[in-house]
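These are the residues of each chain, in order.
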Amino acid sequence: MKNTRKLTVITFLFVLVTLYFVGGDIVEAREYPVNIVDDLGKEIVVEEEPAKIVSLAPSHTEIVFALQGEDKLVGVTEYDNYPKAAQEITSIGTITEPSLERIISLQPDLVLAAELTPKETIQRLEQLGIDVVALAPESVNGVIETISLVGELMGQQDEAVSLTAEMNDKINEVREVIEKNIVDEERPKVFYEVWKEPLYTAGAGTFIDDLIHLAGGINIAHNAQGKWPQYSVESLLTQDPDIYLVSHESEVSKESIQARERFQSIKAIKEGRVYPLDADLLNRAGPRLIIALERLAEVIHPELFN
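Just so it is clear, the structure is predicted and the values come from calculations on it, not from any experiment.

## Notes on the packing of aromatic side chains
Phase 1: Throughout the structure, instances matching the rule amount to 3 aromatic pairs.
Phase 2: A ring pair is formed by Phe191 and Tyr244, whose centres lie 5.3 Å apart and whose planes are at 50°; its orientation type is tilted. With Phe191 in strand S9 (residues 189-193) and Tyr244 in strand S11 (residues 243-247), this residue pair connects regions lying 53 residues apart in the sequence. Both residues of the pair, Phe191 and Tyr244, count as buried.
Phase 3: Taken together, the ring pairs connect Phe191, Tyr231, Tyr244 and Phe263 into an aromatic cluster.

## Examining the sheet that holds strand S5 (residues 53-55)
Phase 1: Taken together, the 4 strands give an open sheet; going across it, the order is S6-S5-S7-S8, and neighbouring strands pair in parallel fashion. Either end of the sheet is taken by a strand with one partner, and the two such strands are strand S6 (73-75) and strand S8 (131-134). The mean angle between the axes of side-by-side strands here comes to 30°, regardless of whether they run parallel or antiparallel.
Phase 2: Relative to S8, strand S7 (residues 110-113) is paired through 4 bridges, and the arrangement is parallel. Note on S8: the bridge partner recorded for Leu110 is Asp131.

## Considering the layout of surface pockets
Phase 1: Taken as a whole, the largest pocket encloses approximately 890 Å³ of empty space.
Phase 2: If you go around the largest pocket, you meet 30 residues; those closest to its centre are Ile95, Leu116, Trp228, Asn283 and Arg284.
Phase 3: Of all the secondary structure elements, the ones that give two or more residues to the lining of the largest pocket are helix H2 (58-66), helix H7 (207-214) and helix H11 (279-282).
Phase 4: Residue composition of the lining of the largest pocket, grouped by class: 17 nonpolar, 7 polar and 6 charged.

## Overview of the sheet that holds strand S12 (residues 274-277)
Phase 1: The 4 strands are arranged S10-S9-S11-S12 in an open sheet whose pairing can be described as parallel. The sheet is open, and its two edges are formed by strand S10 (218-219) and S12, each paired on a single side.
Phase 2: Here 2 bridges tie S9 to S10, and the two strands are oriented parallel to one another. Its bridge partner being in S10, Lys189 is matched across the sheet by Ile218.
Phase 3: Contacting S9, S11 and S12, helix H12 (residues 289-300) runs over the sheet at an angle of about 145° to S11.

## Examining unusual backbone geometry
Phase 1: Of note, the amide linkage connecting Tyr82 to Pro83 takes the cis form, showing an omega dihedral of -10°.
Phase 2: Mapped onto the secondary structure, Pro83 falls in the loop between S6 and helix H3 (100-105).
Phase 3: The linkage connecting Glu197 with the following residue, Pro198, adopts the cis geometry, with an omega of -5°.
Phase 4: Locating Pro198 in the fold gives a position in the loop between S9 and H7.
Phase 5: The phi dihedral of Gln68 is positive, around 60°, even though this residue is not glycine.
Phase 6: On the accessibility criterion, Gln68 (57% relative accessible area) is exposed.
Phase 7: Despite not being glycine, Gln107 has its phi angle at roughly 50°, a positive value.

## Thoughts on the confidence of the model for the chain
Phase 1: Taken residue by residue, the chain gives an average pLDDT of 89. The fraction at 70 or more is 90%.
Phase 2: For the stretch residues 1-27, pLDDT sits under 50, and the model shows 19 contacts to residues farther than four places along the chain or on other chains.

## Description of helix H6 (residues 157-181)
Phase 1: Between its first and last C-alpha, H6 extends 36 Å over 25 residues, near the 36 Å set by a 1.5 Å rise per residue.
Phase 2: Among all positions of H6, only Gln157, Glu159, Ala160, Leu163, Thr164, Met167, Ile171, Val174 and Ile178 are buried.

Conventions used here
- Residues numbered from 1 in each chain as written.
- Predicted model: local features only at pLDDT ≥ 70, side-chain atom pairs only at ≥ 80, totals over all residues.
- Heavy atoms only, no water.
- Phe/Tyr/Trp six-rings, centres within 6.5 Å; stacked < 30°, edge-to-face > 60°.
- Helix = DSSP H or I, 4+ residues; strand = E, 2+ residues; numbered from the N terminus.
- Buried < 20%, exposed > 50% of the residue type's maximum accessible area, 1.4 Å probe, protein only.
- Pairing = 2+ DSSP bridges.
- Axes fitted to C-alpha atoms, helices over the stretch in contact; angles between N-to-C directions.
- 1 Å grid on protein atoms, 1.4 Å probe; cavity = no way out; pocket = protein on both sides within 12 Å on 5 of 7 lines; lining within 4 Å.
- Points joined across faces, edges and corners; volume = space filled by probe spheres on them.
- Nonpolar A, V, L, I, M, F, W, Y, C, P; charged D, E, K, R; others polar.
- Contact = heavy atoms within 4.5 Å.
- pLDDT = per-residue confidence, 0-100.
- Expected span 1.5 Å × (residues − 1).

Written as structure tokens, this is what we have:
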């Protein structure tokens, strides 16, 4: 009887060791190896907690910092400017042209690749025995799942649980206001200019399209072909958006858009509802998309958000 009770206590203590509380939830402690399937559909086994990580996209870098794993970052792209400390980390080149030699010289245990990472780079790193995980979320929920996945890979599960819970809370706050006050027929039509000549936008299969919907708008390019379709001025005039959003990366101002000759009949132009937005917030699939959502909600429904 005593031996049975002793075994029960030992078993209970073991469970306490392997489980811990985060934000009121019980989270199973991650043990290595970690088995995952990345966004390229590849099955990857990470044998042990990585000590050196190279990020091939600014969004990935922001996730690592948000999960308090910046000490593991040894390489980032030259576009990684947030947080400011990211600029002090060794650059491995651009998003579309990373230097394979620089990456290899950093001897990473894990490389976080992106949708625009050249396939040859991924293949070469894998041939060298380096774990490469491709991350390319296509929705807001996809971004949150990506954050959770990076937390698992890094051994930062508790930070990931806390961060994603906070993000979900803020998303639900916006969603509840929209659902309570706006019916689908009253959603304003929105156009987002990614680039000016030729005119490019964000279509279905992008988290930007998802953000516009969550913020209470209708993305007029939702049914266009491709995730980043070229959009004709004729289609723009036909759809006649109520709100015109433009990325800072498009290198245009509100005034220059309003002065475009063929745009004068567009409702958003006539009513002055043209909003330049921080591209780093809107275009990066990372933790700051919550700020982007709040900003979008403010410009799409100023009567509900301030």
